[in-house]
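# Analysis of the macromolecular model
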Amino acid sequence: MTEILTPRLLLRRWTDDDLVPMAEINADPEVMRWIGDGSVRDLEETAEDIERWEEEWDDEGFGLFAVELLGSGELIGFAGLSVPHFLPGRSHEVEIGWRLGRPFWGQGYASEAAHAVLEWALQDRGLDRVIAIAHISNTASENVMRKLGMSPESETDHPEYGVPLRVHAIDLSEYQG
């Protein structure tokens, strides 16, 4: 079982116990405002998401980790790698992403988890490049991308929802951790 330990977090594969807390995160309009068209997701949609994330682990050898607080064992969201199939011309790339519940914003958890995922991508998966995609107005995610050493690479519109997106990238041979 793939796990990453950071000073405050455990990044691990998904369990059945993660469904309800992840659905609660996905039901928060403020959390979801930067995801797709901004729609919240219910319990059934979250179950489908987790199933798809787990299938990506099997298909790609990487995926989105469930992120829990070490002290309490509480699920706070996810961080990990995926293939951005939704974006034409980028489905050959590997994207780093994260989504945390609102009570866990502003505490450095996203950066801590994302740094660990980049190190894992380089050392364990042998990846030499990773991208990140965010709505142009999502300054919090772009701040995390900068902290990771990622640089803006291009801008495009979401093919389904038409929202403006910015793609950041990092050459992992230059990653400083």
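Residues numbered from 1 in each chain as written. Predicted model: local features only at pLDDT ≥ 70, side-chain atom pairs only at ≥ 80, totals over all residues. Heavy atoms only, no water.

## Notes on the pattern of salt bridges
We count it as follows: Salt bridges are defined as contacts in which a side-chain nitrogen from Lys or Arg sits within 4 Å of a carboxyl oxygen from Asp or Glu. Starting at the N terminus, helices and strands are each numbered in turn, a helix being any DSSP run of H or I of at least four residues and a strand any DSSP run of E of at least two. Remark: exposure states derive from per-residue accessible area (1.4 Å probe, protein chains only) relative to the maximum for the residue type, with buried under 20%, exposed over 50%, and partly exposed in between.
For the structure shown, the criterion picks out 15 salt bridges. Here Arg129 and Glu93 are joined by a salt bridge, their closest N and O atoms 3.0 Å apart. Of the two residues, Arg129 is situated in strand S6 (residues 129-135) and Glu93 in the loop between strand S4 (75-82) and strand S5 (95-100); the sequence distance between them amounts to 36 residues. Classification of Arg129 as partly exposed rests on a relative accessible area of 29%. Of the residues examined, Glu93 reaches a relative accessible area of 9% and is grouped as buried. The partner of Arg166 in a salt bridge is Glu155, and the shortest N-O contact between them spans 3.0 Å. Here Arg166, found in strand S8 (residues 164-171), pairs with Glu155, found in strand S7 (residues 151-157); they are 11 residues apart in sequence, far enough to count as distant. Its relative accessible area of 17% is what places Arg166 among the buried residues.

## Section: a negative patch on the surface
This is how the line gets drawn: Only residues whose relative accessible area exceeds 30% and that form no salt bridge are eligible for patches; like-charged ones are grouped when within 9 Å, while nonpolar side chains (Val, Leu, Ile, Met, Phe, Trp, Tyr) are grouped when within 5 Å. The Shrake-Rupley method, run with a 1.4 Å probe, gives the accessible areas here. Residue values count only the displayed protein chains as cover. Under the convention used here, Asp and Glu are negative, Lys and Arg are positive, and both His and the chain ends fall outside the count. Note on charges: their place is set at NZ of Lys, CZ of Arg, CG of Asp or CD of Glu.
A cluster of like negative charges, contributed by Asp42, Glu44, Glu48, Glu51, Glu55, Asp59 and Glu60, occupies part of the molecular surface. Among the secondary structure elements, Glu55 is positioned in helix H3 (residues 43-60).

## Concerning the environment of Glu48
Mapped onto the secondary structure, Glu48 falls in helix H3. A relative accessible area of 43% means that Glu48 is categorised as partly exposed. Sequence separation between Glu48 and Arg8 is 40 residues; the distance between their C-alpha atoms is 28 Å.

## Looking at helix H4 (residues 109-123)
Quick reminder of the rule: Multiplying 1.5 Å by the helix residue count minus one yields the expected span of that helix.
Under the 1.5 Å per step criterion, the end-to-end length of H4 is 21 Å for 15 residues, consistent within 8% with the ideal 21 Å. The element H4 is largely enclosed, with a buried count of 12 among its 15 residues. Taken as a whole, H4 has its buried residues at Tyr109, Ala110, Ser111, Glu112, Ala113, Ala114, His115, Ala116, Val117, Leu118, Trp120 and Ala121.

## Here's the deal with the nonpolar core
Test applied: Side-chain atoms within 4.5 Å link the members of a nonpolar core, which is a set of buried Ala, Val, Leu, Ile, Met, Phe, Trp, Tyr and Cys residues. We call two residues in contact whenever any of their non-hydrogen atoms come within 4.5 Å of each other.
The biggest cluster of nonpolar side chains holds 36 residues, and the ones touching the most others in it are Leu81, Ile96, Trp98 and Val130. Those elements giving two or more residues to this core turn out to be strand S2 (9-12), strand S3 (64-69), S4, S5, H4, S6 and helix H5 (139-147). Here this core gets nine residues from one element, more than from any other, and that element is H4. Excluding residues within four positions of it along the chain, Ile96 makes contact with Gly80, Leu81, Ala114, Val117, Leu118, Val130, Ile131, Ala132, Leu148 and Met150. By size, the runner-up hydrophobic cluster in this structure holds 11 residues, among which are Ile25, Met32, Leu64 and Leu75.

## Comments concerning the packing of aromatic side chains
Basically, it comes down to this: The criterion for an aromatic pair is that two Phe, Tyr or Trp rings (for Trp, the six-membered ring) have centres within 6.5 Å, with stacked assigned to planes under 30 degrees apart, edge-to-face to planes over 60 apart and tilted to the rest.
Evaluated as defined, the whole model comprises six aromatic pairs. Measuring from ring centre to ring centre gives 5.2 Å for Trp14 and Trp53, while their planes differ by 40 degrees; the resulting arrangement is tilted. Residue Trp14 is found in the loop between S2 and helix H1 (19-26), and its partner Trp53 is found in helix H3; the two are separated by 39 residues along the sequence. You can call Trp14 buried: its relative accessible area is 8%. Note on Trp53: relative accessible area 7%, which makes it buried. Grouping aromatic residues by their ring pairs yields a cluster made of Trp14, Trp53 and Phe78.

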